[in-house]
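# Topology and contacts: notes
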Amino acid sequence: LKYKIKEVKPNIFAVIVKDNYDRAMLFCRGQEYYESPNKKFRGKHFSIWDYMKWYSEEYGRGFSYGSDWSGFNIPFDVLEKCYDNQYQSETPYDDEMYYILCEIERMKDDKKKAYIIGAGDVEGWTFQHEVCHGLWYTNAAYKKEAKNVLNVIPQEHKDIFKDNLLEMGYTDKVIDDEIQAYLSFGHDSESFGKGVDIKDREKYNNAFKTTLNEFISTVA
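Since the model is a prediction, treat every value here as computed from it, not as a measurement.

## Considering unusual backbone geometry
Residue Asn 11 is not a glycine yet carries a positive backbone phi of 65 degrees. Along the polypeptide, Asn 11 turns up in the loop between strand E1 (4–9) and strand E2 (12–16). Residue classification places Asn 11 among the buried positions, given a relative accessible area of 4%.

Next up, the structure:
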């Protein structure tokens with residue numbers, strides 16, 4: 001498994017894995033522990049084989065996790081708790097993620113919140129999208145400004161975005177975080193934006209980028 005760990009913002013650590021399948025499997029357990037739509041897995045110790053079986057049956061296309069998801073984002077303390085609760089390693093990906101946690105533990109500032117993101121590179125919108133999640137969690141000033149922009153979006157459009165996100169497999173607790181990240185980077189995704197005119201999404205995208213430019217302009 002080839003990857004690099006890079007601190008891209010204070011206490012936001014990117015794990016860059018070029019291979020889509022390896023990246024997905026490396027993050028799968030922690031991501032689903034953090035925000036799975038299924039309560040059987042969210043916040044619980046679970047067998048990865050049970051999860052793969054459920055995912056295949058739920059979405060009816062086999063275990064397509066590696067092609068369905070390209071970016072990942074998890075608070076460090078949540079991922080640490082996930083692996084503290086893991087009774088034993090089930091796959092080499094579990095072993096590698098535990099090692100990554102130990103590496104980041106040595107790198108991070110213990111006095112501040114830390115965040116881990118996963119992407120294939122540090123150039124595309126997926127990477128920037130995941131950094132927005134990291135900033136939402138670690139940077140109070142960023143979160144305040146992002147919420148100010150969210151508050152001026154018509155409720156009708158926010159409800160549409162929410163329904164789309166739930167259909168995509170997200171859970172209720174991350175909706176505002178996902179809306180701000182998609183409207184910053186990924187507003188033209190039809191899975192996220194269907195039902196809201198692209199011109200409106202472009203307007204929201206411009207508002208987020210203008211307001212949050214000082215936070216996101218020097219990433220990587």
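There is more to say after this.
## As for the pattern of salt bridges
What the rule picks out here adds up to 10 salt bridges. A salt bridge links Asp 110 to Lys 108; its shortest N-O distance comes to 3.0 Å. Lys 203 is the salt-bridge partner of Asp 200, the closest N and O atoms lying 3.8 Å from each other. Remark: Lys 203 and Asp 200 occur in helix H11 (residues 198–216); sequence separation between them is 3 residues, near one turn of the helix. Taking the relative accessible area as the measure of exposure, Lys 203 reaches 49% and is therefore partly exposed. Several salt bridges share partner residues, and in doing so they unite Arg 29, Glu 90 and Asp 94 into one network.

## Focus on empty space enclosed by the protein
Any empty space left between atoms is shown by rolling a water-sized probe over those atoms. The tally for this structure, following the rule as stated, stands at 1 cavity of 30 Å³ or more. Estimates place the volume of the largest cavity at around 60 Å³. Around the largest cavity, the lining residues are Met 25, Leu 26, Cys 28, Arg 29, Ile 48, Tyr 83, Thr 91, Tyr 93 and Asp 94. Considering each element in turn, the lining of the largest cavity owes the most residues, 4 residues, to helix H1 (residues 20–35). Each residue belonging to the lining of the largest cavity can be placed in one class, and the counts come to 6 nonpolar, 1 polar and 2 charged.

## Brief notes about the confidence of the model for the chain
Chain-level pLDDT for the chain is 95 on average; 99% of the residues reach the 70-or-more range. The secondary-structure element of the chain with the lowest mean pLDDT is helix H3 (residues 65–68), recorded at 94, while strand E4 (residues 115–119) shows the highest, at 98.

## Here we look at the packing of H1 against helix H4 (residues 76–84)
How two helices sit against one another is set out by the angle between their axes and by the gap between those axes. Relative to each other, H1 and H4 sit at 105 degrees, their axes nearing to 9 Å. As far as their axial angle goes, H4 and H1 are roughly perpendicular. Touching Leu 26, Arg 29, Gly 30, Tyr 33 and Tyr 34 of H1 are Val 78, Leu 79, Lys 81, Cys 82 and Tyr 83, all from H4.

## Quick word on the packing of aromatic side chains
Under the defined criterion, the tally for this structure stands at 23 aromatic pairs. Ring geometry for Phe 27 and Phe 72: centres 5.4 Å apart, planes at 10 degrees, overall stacked. In this pair, Phe 27 sits in helix H1 while Phe 72 sits in strand E3 (residues 72–75), placing the two residues 45 residues apart along the sequence. The pair formed by Phe 27 and Phe 72 is uniform in burial state, with each residue classed as buried. With a centroid separation of 5.3 Å and 70 degrees between ring planes, the pair formed by Tyr 55 and Tyr 65 is classed as edge-to-face.

## Digging into helix H7 (residues 140–150)
Taken together, the buried positions of H7 are Tyr 142, Ala 146, Val 149 and Leu 150. Taken down its axis, H7 places every buried residue within 100 degrees of arc, on the same side. In H7, the exposed positions angled more than 90 degrees off the buried face are occupied by Ala 140 and Lys 144. As for H7, its buried residues are in contact with helix H6 (125–138), helix H8 (155–168), helix H9 (175–184) and H11. The residue sitting at the N-terminus of H7 and contributing the capping side-chain oxygen is Asn 139; that oxygen lies 3.1 Å from the backbone nitrogen of Ala 141.

## Remarks on a negative patch on the surface
On the surface, Asp 77, Glu 80, Asp 84 and Glu 105 cluster together to form a negatively charged patch. Broken down by element, the negative patch gets its largest block of residues, 3 residues, from H4. Along the chain, Asp 77 turns up in helix H4. The exposure class assigned to Asp 77 is partly exposed, which follows from its relative accessible area of 42%.

Calculation rules
Residues numbered from 1 in each chain as written. Predicted model: local features only at pLDDT ≥ 70, side-chain atom pairs only at ≥ 80, totals over all residues. Heavy atoms only, no water. Helix = DSSP H or I, 4+ residues; strand = E, 2+ residues; numbered from the N terminus. Buried < 20%, exposed > 50% of the residue type's maximum accessible area, 1.4 Å probe, protein only. Salt bridge = Lys/Arg side-chain N within 4 Å of Asp/Glu carboxyl O. 1 Å grid on protein atoms, 1.4 Å probe; cavity = no way out; pocket = protein on both sides within 12 Å on 5 of 7 lines; lining within 4 Å. Points joined across faces, edges and corners; volume = space filled by probe spheres on them. Nonpolar A, V, L, I, M, F, W, Y, C, P; charged D, E, K, R; others polar. pLDDT = per-residue confidence, 0-100. Axes fitted to C-alpha atoms, helices over the stretch in contact; angles between N-to-C directions. Parallel < 35°, antiparallel > 145°, perpendicular 65-115°, else oblique. Contact = heavy atoms within 4.5 Å. Phe/Tyr/Trp six-rings, centres within 6.5 Å; stacked < 30°, edge-to-face > 60°. Arc of directions from axis to C-beta. Polar contact = N/O pair within 3.5 Å; in protein donor to acceptor, adjacent residues only side chain to side chain. Patch = residues over 30% accessible without salt bridge, like charges linked within 9 Å, V, L, I, M, F, W, Y side chains within 5 Å. Areas by Shrake-Rupley, 256 points an atom, 1.4 Å probe, with all protein chains shown as cover. Lys, Arg positive; Asp, Glu negative; His and termini not counted. Charge placed at Lys NZ, Arg CZ, Asp CG, Glu CD.

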